[in-house]
Amino acid sequence: MTCYDREDLGLLLLRLGTGGVLAAHGAQKLFGWFGGGGIEGTGAAMEAMGYSPGKQSAVLAGLSEAGGGALLALGLATPAAGAAAAGAMAGAAAVHAPNGFFAAAGGYEYAASLALTAAGLAVTGPGRLSLDHALGHAVNRGWMVPAALAVTGAATAVVVGLRNRRVREAAEFGQETLFDE
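Residues numbered from 1 in each chain as written. Predicted model: local features only at pLDDT ≥ 70, side-chain atom pairs only at ≥ 80, totals over all residues. Heavy atoms only, no water.

### A look at unusual backbone geometry
No. 1: Look at the link from Ser-52 to Pro-53: it is a cis peptide, with omega at -5°.
No. 2: The topology assignment puts Pro-53 in the loop between helix 2 (38-48) and helix 3 (54-74).
No. 3: A positive phi angle, near 55°, is found at Phe-34, a position not held by glycine.
No. 4: One can find Phe-34 in the loop between helix 1 (6-31) and helix 2.
No. 5: Residue Phe-34 is classed as exposed on the basis of its relative accessible area, which comes to 59%.
No. 6: Despite not being glycine, Ala-77 shows a phi value in the positive range, around 55°.
No. 7: Along the chain, Ala-77 turns up in the loop between helix 3 and helix 4 (78-96).
No. 8: Residue classification places Ala-77 among the buried positions, given a relative accessible area of 15%. (Helix = DSSP H or I, 4+ residues; strand = E, 2+ residues; numbered from the N terminus. Buried < 20%, exposed > 50% of the residue type's maximum accessible area, 1.4 Å probe, protein only.)

In structure tokens form, the structure reads like this:
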């Protein structure tokens, strides 16, 4: 039996912490748990933020966060889990970007931190204290890292780009939004 090292323990702690936060964040969107709006409330909020259609956006964001977070915590399908979570958080960061960096002023600091940690875990892998390791890395192959990050990056760029266009068009036509950016 091999001894687990500090890297394995560190990756486990990062996975549990980041994955747990993301899973809870997604559960707010999907189920209304922890004070969240559920699909209906989150869908309306997403629509007001420029993500349309709102309900489908809420489902996709919730699944990316809850599913990606749970898989990260377990250390299963780590490249896809980390990429999905990072993509969802990049979408959240886009909403907060006009407020600057710091979260205290409504900025993107928190979302960016979660996105970078999730992406970092996708790249580094889950360590030996993971389901990926226990299953022989069947869903954690080297080629999966760039593939998952590229596909998620492209999809996120399209979704955020469409959202930014909607926000610009709403501002040009003087439409009111429910949420300040």
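There is more to say after this.
### Observations concerning the packing of helix 1 against helix 3
No. 1: Following both chains from N to C, one finds helix 1 and helix 3 inclined at 155°, their axes separated by 7 Å at the closest point. By the angle between their axes, helix 1 is roughly antiparallel relative to helix 3. Crossing of helix 1 against helix 3: the hand is left-handed. Here Arg-15, Leu-16, Gly-19, Leu-22, Ala-23, His-25, Gly-26, Ala-27, Lys-29 and Leu-30 of helix 1 come into contact with helix 3, specifically with Ala-58, Val-59, Ala-61, Gly-62, Leu-63, Glu-65, Ala-66, Gly-69, Ala-70, Leu-72, Ala-73 and Leu-74.
No. 2: Residues of the contact of helix 1 with helix 3, tallied by class, amount to 14 nonpolar, 5 polar and 3 charged. (Axes fitted to C-alpha atoms, helices over the stretch in contact; angles between N-to-C directions. Parallel < 35°, antiparallel > 145°, perpendicular 65-115°, else oblique. Left-handed = near helix turned anticlockwise from the far one by under 90°. Contact = heavy atoms within 4.5 Å. Nonpolar A, V, L, I, M, F, W, Y, C, P; charged D, E, K, R; others polar.)

### Considering helix 4
No. 1: Between its first and last C-alpha atoms helix 4 spans 27 Å; for 19 residues at 1.5 Å apiece the expected length is 27 Å, and the two agree.
No. 2: Burial analysis of helix 4 places 14 of its 19 residues in the buried class, which makes it a mostly covered element. (Expected span 1.5 Å × (residues − 1).)

### Concerning a nonpolar patch on the surface
No. 1: Residues Phe-31, Trp-33 and Phe-34 make up a contiguous nonpolar surface patch of roughly 400 Å² in combined accessible area.
No. 2: If you trace the backbone, Phe-31 turns up in helix 1. (Patch = residues over 30% accessible without salt bridge, like charges linked within 9 Å, V, L, I, M, F, W, Y side chains within 5 Å. Areas by Shrake-Rupley, 256 points an atom, 1.4 Å probe, with all protein chains shown as cover. Salt bridge = Lys/Arg side-chain N within 4 Å of Asp/Glu carboxyl O.)

### Structural notes on the pattern of salt bridges
No. 1: What the rule picks out here adds up to 5 salt bridges.
No. 2: Among the salt bridges present, the one from Lys-29 reaches Glu-65, with a minimum N-O distance of 3.0 Å. Linking Lys-29 in helix 1 with Glu-65 in helix 3, this pair joins segments that are 36 residues apart in sequence.
No. 3: Residue Glu-65 is classed as buried on the basis of its relative accessible area of 2%.
No. 4: When the shortest N-O distance is used, the salt bridge between Lys-55 and Glu-40 registers 2.7 Å.

### Quick word on the packing of aromatic side chains
No. 1: Under the definition given, this model contains 4 aromatic pairs.
No. 2: Summarising the aromatic geometry, the rings of Trp-33 and Phe-34 are spaced 6.3 Å apart at their centres and angled 90° between planes, so their arrangement reads as edge-to-face.
No. 3: Consider the rings of Phe-101 and Tyr-108, whose centres lie 5.3 Å apart with planes at 80°: the pair is edge-to-face.
No. 4: Residue Phe-101 is classed as partly exposed on the basis of its relative accessible area, which comes to 38%.
No. 5: The rings of Phe-31, Trp-33 and Phe-34 are connected pair by pair, giving a single aromatic cluster. (Phe/Tyr/Trp six-rings, centres within 6.5 Å; stacked < 30°, edge-to-face > 60°.)

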